[in-house]
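Listed below are the residues making up each chain.
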Amino acid sequence: MLDRTRPTPTVRRPATSRPRRPDRWRRRARVLLPVVVGALLLPAAAASAATPEPVVLTAPAAQRFLDEALPRLVEQYDVPGATAAVVVPGGEVVTAAAGTADVATGRPLTPDTPVRVASISKSFTAVAVLQLVDQGRLGLDTPVEDVLPPDVPVAGHAGWRSVTVRDLLTHTAGFEERLVGTTSPPGEAAPDLHAYLRDARVGRLHAPGTVVAYSNYGFALLGLVVQTVTGTPFAAQVDATVLGALGMTRSGFAEPGDDVAVSHLRDGDGWAAAPATGMAEAPAGAATSTATDMGRYLRWLLADDHASVLDEASAAGMLARQHGIHPALPGGGWGTWERLVPGVADRLVGHEGDLAGAHSAYVVDRDRGAGLFVAVDGDPADVLHDLRRALVEEFAVLVAGGAGGADGSDGPGTPAATGAGDGGAGAVEGTYVTSRRSDSDASALKVALDNMVVSALPGGGLRTVNPALGTTTWAPVGPDTYRAPDGELLALVRDGDGQVRALGTSVQPTQEYLRVDALHDPGHHLVAGGAGLLVALVAAAGAASGLVRARRRGPGARAGGAVAADALVLGSGLALVVGLGLIGAATAAPAGIEAVITRGSATLVVPFTVATVLAAATAVAAASLLVRRVGSRWARARTVAAAVGAGVVCAVAVAYHLTLLG
């Protein structure tokens, strides 16, 4: 997708009270990786205290619901605007909107304003793929390499079977999460889909069908499959056979027009437009739509007759559970995900979408014949507690009632709270890292930001600590299953020998957290890197002092080798400071991390590459000083210390692919 919104001056927003948040989210998570990797997908994260009886939703009642809820939530969550649609039993669609589409001009947001729906695009791509399956032109178990162009490689692995279309639809192909190059620089069009996939060279980390790891790259491959099999460009094919067939005339994968809602980033006390970037993996997240059009899509999903677009078996397969991390957790269909709303018993299915400054979601309750779409044109203050999730929860309670109670024990896929979790919680302790990780570029840094440290609590409970989500306690409710105070679930995944190999949560059912040993523990890397940095900086300070003294004393006051060694020590220390400072700046805002990682910027890798070269040279200089006994003992000691300290930091940088050397 090419975002043609132009950067706008910062616009002040009025001060408003923000929603109170539970203590566990006190360390608020800004929108970081969910917007870079092309879009992180999370189910609902907060329980509703209301437990009314379910109702048969009518169009007037749905209209009142939206007209009351949207303005209230736009003010409560302090966002520029939101637009929504509700489908009621029988198929009637009602829509509403509140707020602005562009805070710089005051242009109002309406149900017919196009919005970026981000990863909801995957639902449309899945429909296009299933159409080919229905026509007999493609098989779900066809190796994808058999239908892709010959010049588009699919990474293989000795002993692993080929990746199939089914693996791609269920996010179980095992590809790494490689972010570099997935967006274009501001103002430039996204690369051609075929050309991008030809050159991407994305590796595989997991055997197909074994690990859930949400993959934008996988859905980009599906888009190219559609393009190759039909002989029609992907965007044109989907626009004609999916969106056009459903009457979604203002939706599509083509470049959005000037009437699209601006994607707003928080900028101090105001808002700024997100940079205008193109999306290389367009089938995974480049679509735009309107609330009115999304109402038509949800009506089709809920209908009894899907023949205008898909055979009934394929349509049912979209909403059926096809895979999941654990039976107790939400799973996925083809282009959809189950969604847990604690306290609500009904099974909800849909999808979310996240880009910088644009967030959307839809859910359908098939049993009650109702559905909701909502889109917000600004980043939330808290990534896990935002307007769209609040609206989804209110909608779920409205149509389904609070049937499950506060603990959600009667919810879909949830075990009955009848006993303690699996014994020996201490055997679960350790560090678990996201399955959505890279092993080939700076995207590997995501592991440092998305991991779980698990410790056992008395009584069989668990405590998890996540760098972004903070600390959560979990009480046992069944074998290998635990529940947080807000009703969210955690489940353990065991290998064939009965050992815990991974865990999953209802908050993030799109990825597993895989257990790692001490050598691959990001926490250990952080400690080692921090200690190395401290040593290197102390040595650099000493080297700077030595160089100043040498300059004051004049030429010949110190041996040339000692002066050169101090210069290397100081240079490596400064390079490390610059590199770490840039990481801090990049992770402080979504736009920053997008620029330096997803667009393949050399901003991060150059300083650490320089530091690594200087650290190696410092090690050589230290060896020379020791052998020749040149300089004072302190000078030799700080050179050795700098070589060791900087070397440790650079080793960590190489492990996370933050240099040109690894």
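In this report, we go over the structure that sits alongside the text.

Reading guide: rules and limits
- Every chain's residues receive numbers from 1 upward, in the order its sequence appears when written.
- Two thresholds apply to this predicted model, a pLDDT of at least 70 for residue-level local features and 80 or more for giving and counting side-chain atom pairs, whereas whole-chain, interface and lining totals are computed over all residues.
- Hydrogen atoms and water are omitted, and side-chain values are computed over all heavy atoms in the structure.
- Residues enter a nonpolar core if they are buried and are Ala, Val, Leu, Ile, Met, Phe, Trp, Tyr or Cys, with the set joined through side-chain atoms within 4.5 Å.
- Buried, partly exposed and exposed residues are distinguished by accessible area as a fraction of the type maximum, computed with a 1.4 Å probe on protein chains only: under 20%, between the cut-offs, and over 50%, respectively.
- When checking whether two residues touch, look at their non-hydrogen atoms; a contact exists if any pair is within 4.5 Å.
- Salt bridge criterion: a side-chain nitrogen from Lys or Arg within 4 Å of a carboxyl oxygen from Asp or Glu.
- Numbered from the N terminus, helices here are DSSP runs of H or I no shorter than four residues, and strands are runs of E no shorter than two.
- Only strands that DSSP links by at least two bridges are regarded as paired with each other.
- Note on geometry: axes are lines fitted to C-alpha atoms, helical ones only across the stretch in contact, with angles between N-to-C directions running from 0 to 180 degrees.
- Side-chain atoms alone can form a polar contact between residues adjacent in sequence; in general such a contact is a pair of N or O atoms within 3.5 Å, and within protein one must be able to donate a hydrogen while the other accepts it.
- Between rings of Phe, Tyr and Trp, where Trp is taken as its six-membered ring, a pair exists when centres lie within 6.5 Å; planes separated by under 30 degrees are stacked, by over 60 edge-to-face, and by other angles tilted.
- An angle counts as roughly parallel when it lies under 35 degrees, as roughly antiparallel when it exceeds 145, as roughly perpendicular when it falls between 65 and 115, and as oblique in every other case.
- Helix crossings fall into two classes, left-handed where the near helix is turned counterclockwise from the far one by less than a right angle and right-handed where it is turned clockwise.
- As a working rule, the residues Ala, Val, Leu, Ile, Met, Phe, Trp, Tyr, Cys and Pro are called nonpolar, Asp, Glu, Lys and Arg charged, and the rest polar, with Gly in that last group.

A look at the nonpolar core
For soluble globular proteins, nonpolar side chains are generally found buried alongside one another. Formed by 76 residues in total, the largest nonpolar core has its most connected members in Phe 124, Leu 169, Phe 175, Leu 197, Tyr 297, Trp 300 and Phe 373. Ignoring sequence-local partners within four residues, the contact set of Trp 300 consists of Val 127, Leu 246, His 306, Ser 308, Val 309, Leu 310 and Met 318. Listed in part, the 36 residues of the second largest apolar core include Leu 73, Val 79, Ala 96 and Ala 396.

So, the pattern of salt bridges
Oppositely charged side chains can form a pair if their charged atoms are brought close together. Here the structure, examined in full by the defined rule, presents 24 salt bridges. The partner of Arg 339 in a salt bridge is Glu 352, with the nearest N and O atoms 2.8 Å apart. Taken together, the positions of Arg 339 in strand β9 (residues 337-339) and Glu 352 in strand β10 (residues 348-355) put the pair 13 residues apart, joining distant regions of the chain. Across this residue pair, the class does not change: Arg 339 and Glu 352 are buried. Overlapping salt bridges bring together Arg 339, Glu 352, Asp 354, Asp 386, Arg 388 and Arg 389 as one network.

Overview of the sheet that holds strand β19 (residues 500-505)
Strand order around the closed barrel formed by 8 strands is β13-β14-β15-β16-β17-β18-β19-β20, with antiparallel pairing between neighbours. On average, each strand axis in the sheet is tilted by 30 degrees relative to the strand beside it, whichever way the strands run. Relative to strand β20 (residues 513-516), strand β13 (residues 430-434) is paired through 4 bridges, and the arrangement is antiparallel. Pairing of Tyr 432 across the sheet is with Arg 515, part of β20.

Re the environment of Asp 259
On the secondary structure map, Asp 259 appears in the loop between α7 (234-243) and β6 (264-267). Separated by 144 residues in the primary sequence, Asp 259 and Val 115 place their C-alpha atoms 9.1 Å from one another. Excluding residues that lie within four positions of it along the chain, Asp 259 makes contacts with Arg 107, Thr 113, Pro 114 and Arg 250. A polar contact of 2.4 Å, which involves the side chain of Asp 259, links it to the side chain of Arg 250.

Describing the side chain of Gln 237
Locating Gln 237 in the fold gives a position in helix α7. Apart from residues lying up to four places away in sequence, Gln 237 is in contact with Val 226, Thr 230, Thr 232 and Val 242.

Structural notes on the packing of aromatic side chains
With the rule as written, the count across this model stands at 7 aromatic pairs. Between Tyr 297 and Tyr 362, the ring centres sit 5.8 Å apart and the planes meet at 85 degrees, which makes this aromatic pair edge-to-face. Of this pair, Tyr 297 sits in helix α9 (residues 291-302) while Tyr 362 sits in strand β11 (residues 358-365), and the two are 65 residues apart along the sequence. When its relative accessible area of 0% is taken as the criterion, Tyr 362 is described as buried. Among the aromatic side chains, those forming a connected cluster through ring pairs are Phe 124, Tyr 297, Trp 300 and Tyr 362.

Some points on the packing of helix α3 (residues 121-134) against α9
Viewed as axis vectors pointing N to C, α3 and α9 meet at an angle of 50 degrees, and their least axial separation amounts to 13 Å. Accordingly, the angle class assigned to the pair α3 and α9 is oblique. Remark: the crossing between α3 and α9 carries left-handed chirality. Contacts between α3 and α9 involve Ser 123, Phe 124 and Val 127 from the former and Met 294, Tyr 297 and Trp 300 from the latter.

A closer look at the pairing of β10
For β10, a buried count of 8 out of 8 residues is recorded, marking the element as mostly surrounded by other parts of the structure. Burial along β10 is two-sided: Leu 348, Gly 350, Glu 352 and Asp 354 facing one way and Val 349, His 351, Gly 353 and Leu 355 facing the other are all buried. For β9 and β10, the ladder comprises 3 bridges, and the chain directions are antiparallel. Within the sheet, the bridge partner assigned to Arg 339 lies in β10 and is Leu 348. Pairing of β10 with β11 involves 7 bridges; the strand directions are antiparallel. Note that in β11 the partner of Leu 355 across the bridge is Ala 358. Turn length for the β10-β11 hairpin, with the two strands adjacent in sequence and antiparallel, is 2 residues, and the turn residue Gly 357 shows positive phi of about 80 degrees.

Observations concerning the pairing of strand β14 (residues 451-456)
Two elements, β13 and β14, share 4 bridges in a ladder whose sense is antiparallel. For Thr 431, the partnering residue across the bridge sits in β14 and is Val 453. Strand direction decides the pairing type here: β14 and strand β15 (residues 462-466), joined by 4 bridges, are antiparallel. Following the sheet pairing, Val 453 is matched in β15 by Val 465.

Examining the packing of α3 against helix α6 (residues 216-230)
Across the interface, α3 lies against α6 with an axial gap of 10 Å and an inter-helix angle of 40 degrees. With respect to α6, the element α3 is oriented oblique. Classified by chirality, the crossing of α6 by α3 is left-handed. Facing Lys 122, Thr 125, Ala 126, Ala 128, Val 129 and Leu 132 of α3, the residues of α6 in contact are Asn 216, Phe 219, Leu 222, Gly 223, Val 226, Val 229 and Thr 230. Among the residues forming the contact of α3 with α6, the class breakdown is 8 nonpolar, 4 polar and 1 charged.

Describing the environment of Gly 278
Tracing the sequence through the fold places Gly 278 in the loop between β7 (270-273) and α8 (282-285). By relative accessible area, Gly 278 is classed as buried at 1%. Gly 278 sits 89 residues away from Ala 189 along the chain, and the two C-alpha atoms are 5.3 Å apart.

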